[in-house]
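# Chains, contacts and geometry: an overview
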Amino acid sequence: MRSINTYTMDELSTIYDYEIEEMLKKYWKTKELSFEGDYVPSPVSNNKFSGLIKNVTLPKSKVTLRYPIIDKPLVFKVKTGLEKGRYAFKASLAPREFRIQINQFVLLNVIPKTIKQTHSVFATQDKIAQIYRSIREDWKTDEQIAVGVYVYDKADNCYYLEDIRSKSFTSLSYLDNGDIRIKLDEPIGGIEVDQFYEFNWKISLDNSTRGYHLVADTRQKFKPINPYGLIKKLYDSWDKSDESIADQMKSTMRMISTQLTSSSDGTFLYELLQNANDYPQQKDGKDLPVEVEFHLTKNYLIYRHSGEYFSPRNVAAICKVAAGEKTKKKNAIGYKGIGFKTVFNDHDYVYIKSGPYSFRYDLSQRKSRFNPWQIMPIWTNDNYVTPEISRIFGEESDLYRVQMAMRPSDLSLLRSRPSKNYEYLLKDIFKDVRDIIFIPNVEAVRVYIDGILEVDCDKRKENGEWIVTNTPLNYKFKQEEIDDLINEANNNKRIPEKYKDFTDTNVSFACRLKGNKLEGIDEAKVYCYLPTQISFGFSFLMNTDMIPSGARDDIEEGVEFNKVFAEIAGAKFFEWIQALIETGKYDYESIFAIIPDFDECVKGRKAYIQECIRRFQKGFEDCINTKCLIPVLKSDSSVEYQCVKNIIYDVTNITGHGDFEDGAFLTFSKLDGKLAHPLLRLSPNFKRVLLQYGDKSLRFDKSCLWSLFQNDDFVTWLKDKDNNSRWTNFVVDKYPEEYGTLPMFISE
């Protein structure tokens, strides 16, 4: 095919239009007639067209296109009114009659429905400049410099800059208040992950609703922020706080006092455990167990743990008014963002040392009543720390990577206050492993009073005293459940942000163990990793992802999905006891003893908790009514498992005393069912479960017993001397007033 530039217009008039289009594509080196151009509105009112598209190029090209033969730039008239800007569009040859009339057979027209606004290096400078101006005004800066944490995201194998702040360390967001997360095309050499850096930023336009995003100018140097510099920036960012910030902090502390700590004097202790759990050390990708110590001295409560050192991001997170750093961290058990601030409810001095960081929060150093001192860290050198603190901090400092000293505003809180002082709370909470049993990473808590070990709460030492689900029982959400959870989370502020990412949930159970017998726990509390003050009336401990109230004293009543978690827990409880039975290690009776009597459990409890109990019941009953649970002894003495609906309920207990062989009983009773394992037949708790869930047609009661005498085969069997002797003894013991009327004695 000849190049279109070698044709005359007269020659083109004899060629089909599709051939002309193919020649134009070849001339412009493109596979389709798709273009970009700058739309310029007409300066005067015009009924024929609203404006022109000029500076036409191929997509992502800088070369302005010209028509072949006539050597004129492509310009298109547009009838539809558009805003000034850059647009992408497709074109086709103008109607042939029109091209014949003006003798220009290469002329193209815009296809109107294909016009879409785009952004390119052309004709967008005004828009970009306006965004820059708006951002600088919103951020109150004249520089294109920000601070961010350099992170690596394993999920998409990419590096990002997150937690974006100004140079003065004020948190920044997009103009629409959206979070800023800057994706990097490649790793930045010479800098460390999880550290703050100053960097230069630029604007890049895109097709999102926002229309732009920030990018890092990787040609410019990334400037690290050292620990002292970070603490100073955080302090300075609040130093000139106005009354509005002070009011926010007062509001936060008032909420902590009224909601988080109102029901329990030990709330802050649980929050400290929570923080120890959420940041363990790792080895080969696995979390290492965390050990926690509390030391009670003359003037301080000292807390320390063996988890990971504070990162710059951890430090910055606890210096916000009410925002945490674990919003998206699914395996973190804390997520409300203000838990750490419970330490300020009764303490006016808090000193923290972790790795290179050494700083304190100190009410006595507040310059102005507007200063939110609880989020204003003050760099503290070792020589400013009292020996009372430094002596303990210096012991095994390599093991205990996070250390904190808290001084109460009222020193009587430590031990002399008559009611629930710290000494009492520490000894009471950690008297056994119950309160830490579901905190996955915390293995031990030790309490020292004046340097003497008073409490050693260690999961390893009490391992034989508790039976706990070794691996949490997992449930994968169905898609409709995921949709329901996301929808409720979007409309309910009580649900933490991280729940929107849930695709599954875990449930765990625990119970005391003595020998091979499970021992029930009176009014066992429901756990949301840490204990709440709510009981479902169960005799075992249960841990779920149900959302607790801020004070952890209750389950959030305004969260409908908590009921879903309860129903899932019911099904998982069945799985747990099923696994316990199948191990053959544990006393059967004691396992059935912990199955709740749900009608009793709901008595005296508020309506919402009753609903949760009933949903748990539904989850459990959906399983027990259809799945195998009951151990049955086979003829070869091996054990198989049957559904409760297939089990005979022997009301008389004749099968439990060895007075009637199983084979004979099944033959003479003509019941189409199975007898439970001999160890269960006299069990009151097993019979309670069987009465509740068994098939009524498989009940063998006194009337069934008497009716056996109408069976000739049974009467023949009874004439055997040994059989008769056992039967006589059973009936005499069981029914002493009636045995004389029965024809069961062998005649002489």
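To keep things clear, this report deals only with the structure shown in the data block. This is a predicted model, so every value here is computed, not measured. (Residues numbered from 1 in each chain as written. Predicted model: local features only at pLDDT ≥ 70, side-chain atom pairs only at ≥ 80, totals over all residues. Heavy atoms only, no water.)

Our focus in this paragraph is the packing of aromatic side chains. In this description, an aromatic ring pair is defined by two values, namely the gap between the centres and the angle between the planes. This structure, assessed with the given rule, holds 64 aromatic pairs. Plain terms: the ring middles of Trp28 and Tyr67 are 6.2 Å apart, the flat faces sit at 55 degrees to each other, and that makes the pair tilted. Of the two residues, Trp28 sits in helix α2 (residues 17-28) while Tyr67 sits in the loop between β2 (51-57) and β3 (76-78), which places them 39 residues apart along the sequence. Relative accessible area serves as the criterion here: at 7%, Trp28 is assigned to the buried category. For Tyr67, a relative accessible area of 3% translates into the label buried. Geometrically, the ring pair formed by Phe509 and Phe573 is edge-to-face, given 5.6 Å between the ring centres and 65 degrees between the ring planes. Taken together, the residues Phe509 in strand β25 (residues 504-514) and Phe573 in helix α12 (residues 561-583) connect sequence positions 64 residues apart. Judged by relative accessible area, which is 0%, Phe509 ranks as buried. With a relative accessible area of 0%, Phe573 lands in the buried category. (Phe/Tyr/Trp six-rings, centres within 6.5 Å; stacked < 30°, edge-to-face > 60°. Helix = DSSP H or I, 4+ residues; strand = E, 2+ residues; numbered from the N terminus. Buried < 20%, exposed > 50% of the residue type's maximum accessible area, 1.4 Å probe, protein only.)

Okay, helix α20 (residues 721-734) next. End to end, α20 covers 20 Å across 14 residues, agreeing with the expected 20 Å (1.5 Å per residue, within 8%). By the burial criterion, the buried members of α20 are Asn723, Asn724, Trp727, Thr728, Phe730 and Val731. Those residues of α20 that are buried lie in contact with α18 (702-707) and α19 (712-718). Between a side-chain oxygen at the N-terminus of α20 and the backbone nitrogen of Asp722 the separation is 3.1 Å; the capping residue is Asp720. (Expected span 1.5 Å × (residues − 1). Contact = heavy atoms within 4.5 Å. Polar contact = N/O pair within 3.5 Å; in protein donor to acceptor, adjacent residues only side chain to side chain.)

Strand order in the open sheet formed by eight strands is β19-β18-β17-β20-β16-β15-β21-β22, and the pairing between neighbours is mixed. Of all the strands in the sheet, the pair left with one neighbour each is β19 (378-379) and β22 (452-458). In terms of strand pairing, strand β15 (residues 290-296) meets strand β21 (residues 442-449) through seven bridges, oriented parallel. If you follow Phe294 over to β21, its bridge partner there is Val447. (Pairing = 2+ DSSP bridges.)

Once that is clear, we can look at the side chain of Asn711. With respect to the helices and strands, the residue Asn711 is situated in the loop between α18 and α19. With relative accessibility at 15%, the residue Asn711 sits in the buried group.

Turning our attention to helix α16 (residues 662-669). Every buried residue of α16 is accounted for by Ala664, Phe665, Phe668 and Ser669. Looking straight down α16, one finds that the buried residues subtend no more than 115 degrees of arc, so they occupy a single side. On its buried side, α16 packs onto β33 (699-700) and α19. Just past α16, the residue Lys670 takes up positive phi, approximately 60 degrees. (Arc of directions from axis to C-beta.)

Attention now moves to the pattern of salt bridges. Following the criterion strictly, the structure yields 49 salt bridges and no others. Close ionic contact of Asp362 with Arg360 constitutes a salt bridge, the shortest N to O distance being 3.1 Å. Side by side, Asp362 and Arg360 carry an identical accessibility label, which is buried. For Lys563, the salt bridge is made with Glu560, and the minimal N-O distance between the two is 3.4 Å. Taken together, the shared-partner salt bridges in this structure form one network comprising Glu291, Glu443, Arg446, Asp456, Asp458, Arg460 and Lys461. (Salt bridge = Lys/Arg side-chain N within 4 Å of Asp/Glu carboxyl O.)

Between helix α15 (residues 607-624) and helix α17 (residues 684-693), the shortest axis-to-axis distance is 12 Å and the interhelical angle comes to 85 degrees. Between α15 and α17, the angle is such that the two are roughly perpendicular. Only Val689, Gln692 and Tyr693 of α17 make contact with α15, whose side of the interface consists of Phe620, Glu621 and Ile624. (Axes fitted to C-alpha atoms, helices over the stretch in contact; angles between N-to-C directions. Parallel < 35°, antiparallel > 145°, perpendicular 65-115°, else oblique.)

On to the environment of Asn711, then. Sequence separation of Asn711 and Phe668 is 43 residues, and the distance between their C-alpha atoms is 7.4 Å. Ignoring any residue separated from it by four or fewer positions in sequence, one finds Asn711 in contact with Phe668 and Lys670. Only 2.8 Å separates the side chain of Asn711 from the backbone nitrogen of Asp713, close enough to count as a polar contact.

What follows covers the state of the cysteines. Counted under the stated rule, the structure contains zero disulfides. In this structure Cys601 is not part of a disulfide, and its nearest cysteine sulfur, from Cys612, lies 13 Å away. Of all cysteine sulfurs in the structure, the one in Cys628 sits closest to Cys643, which takes part in no disulfide; the separation is 6.4 Å. Exposure remark for Cys643: the relative accessible area of 9% places this residue in the buried category. (Disulfide = S-S within 2.5 Å.)

A few words now on the environment of Tyr400. Turning to its location among the elements, Tyr400 is positioned in the loop between α9 (387-393) and β20 (402-408). Remark: the alpha-carbon pair of Tyr400 and Val292, spanning 108 residues in sequence, is separated by 8.3 Å. Contacts of Tyr400, omitting those with residues within four sequence positions, involve Glu291, Glu293, Arg304, His305 and Ser306. A polar contact is formed between the side chain of Tyr400 and the side chain of Glu293, at a distance of 2.9 Å.

This brings us to the packing of helix α7 (residues 267-278) against helix α10 (residues 422-429). The description of two packed helices rests on the angle between their axes and on the distance between the axes. For the pair α7 and α10, the least separation of the axes is 11 Å and the interaxial angle reads 55 degrees. By the angle class used here, α7 and α10 are oblique. Note that α7 runs across α10; the crossing there is right-handed. Here α7 contributes Phe268, Leu269 and Tyr270 to the contact with α10, which in turn contributes Tyr422, Leu425, Leu426 and Ile429. Of the residues belonging to the contact of α7 with α10, the class tally is seven nonpolar, no polar and no charged. (Left-handed = near helix turned anticlockwise from the far one by under 90°. Nonpolar A, V, L, I, M, F, W, Y, C, P; charged D, E, K, R; others polar.)

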